[in-house]
Amino acid sequence: MGKEYKKDDATIIWDSSKCIHAAECVKGLPHVFQPKERPWINTENAGKDEIIATVSKCPSGALSIKA
Ligand code: SF4
């Protein structure tokens, strides 16, 4: 389970219980992953490919793309 965020035809899932706050996402795309904002993921601020590339760097699996 996790919260879903849409970007074009992609769905990003964030599972807060898996997040270890490594901040790879924040370092990768600071305009998209903004922990101080609500919602904290703002997919309108980057392209789909960039978002998918950054999601794939999440070390814990908290961020994933819905297949
Ligand atoms: S990269 Fe993954 S584990 Fe790190 S803060 Fe972002 S969602 Fe959490």
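In this report, the structure presented in the accompanying data block is examined. (Residues numbered from 1 in each chain as written. Predicted model: local features only at pLDDT ≥ 70, side-chain atom pairs only at ≥ 80, totals over all residues. Heavy atoms only, no water.)

1. Considering the site of the ligand
For step 1, the next point in the chain: The environment of the ligand is formed by 13 residues, the closest being Cys 19, Ala 23, Cys 25, Cys 58 and Ser 60.
For step 2, the next point in the chain: Across the shell around the ligand, the residue classes tally to ten nonpolar, two polar and one charged. (Near = heavy atom within 4 Å. Nonpolar A, V, L, I, M, F, W, Y, C, P; charged D, E, K, R; others polar.)

2. Examining the packing of aromatic side chains
For step 1, the next point in the chain: Under the counting rule described, the total for this entry stands at two aromatic pairs.
For step 2, the next point in the chain: Here Trp 14 and Trp 40 contribute two aromatic rings whose centre-to-centre distance is 4.9 Å and whose plane-to-plane angle is 65 degrees, an arrangement assigned as edge-to-face. Pair noted here: Trp 14 is in strand β2 (residues 10–14) and Trp 40 is in the loop between α1 (24–28) and α2 (48–55), with a separation of 26 residues, a long-range link.
For step 3, the next point in the chain: Overall, the relative accessible area of 17% leaves Trp 14 in the buried class.
For step 4, the next point in the chain: Classification of Trp 40 as buried rests on a relative accessible area of 10%.
For step 5, the next point in the chain: Relative to Trp 40, the ring of Phe 33 lies with its centre 5.8 Å away and its plane at 55 degrees, an arrangement referred to as tilted.
For step 6, the next point in the chain: Taking relative accessible area as the criterion, Phe 33 reaches 1% and is therefore assigned buried.
For step 7, the next point in the chain: Put simply, the rings of Trp 14, Phe 33 and Trp 40 pair up and form one aromatic cluster. (Phe/Tyr/Trp six-rings, centres within 6.5 Å; stacked < 30°, edge-to-face > 60°. Helix = DSSP H or I, 4+ residues; strand = E, 2+ residues; numbered from the N terminus. Buried < 20%, exposed > 50% of the residue type's maximum accessible area, 1.4 Å probe, protein only.)

3. Some words on the pattern of salt bridges
For step 1, the next point in the chain: With the rule as written, the count across this model stands at three salt bridges.
For step 2, the next point in the chain: Glu 4 is the partner of Lys 66 in a salt bridge, and the nearest nitrogen-oxygen pair spans 2.8 Å. Here Glu 4 lies in strand β1 (residues 3–7) and Lys 66 lies in the segment after β3 (63–65), a separation of 62 residues in the sequence.
For step 3, the next point in the chain: Glu 4 gets classed as partly exposed once you look at its relative accessible area, which sits at 41%.
For step 4, the next point in the chain: We note a salt bridge from Lys 27 to Glu 24, for which the minimum N-O separation is 3.6 Å. (Salt bridge = Lys/Arg side-chain N within 4 Å of Asp/Glu carboxyl O.)

4. Quick look at the side chain of Thr 11
For step 1, the next point in the chain: Note on placement: Thr 11 falls in strand β2.
For step 2, the next point in the chain: Judged by its relative accessible area of 7%, Thr 11 is buried.
For step 3, the next point in the chain: Reaching out from Thr 11, the side chain makes a polar contact with the side chain of Lys 6 at a distance of 2.9 Å. (Polar contact = N/O pair within 3.5 Å; in protein donor to acceptor, adjacent residues only side chain to side chain.)

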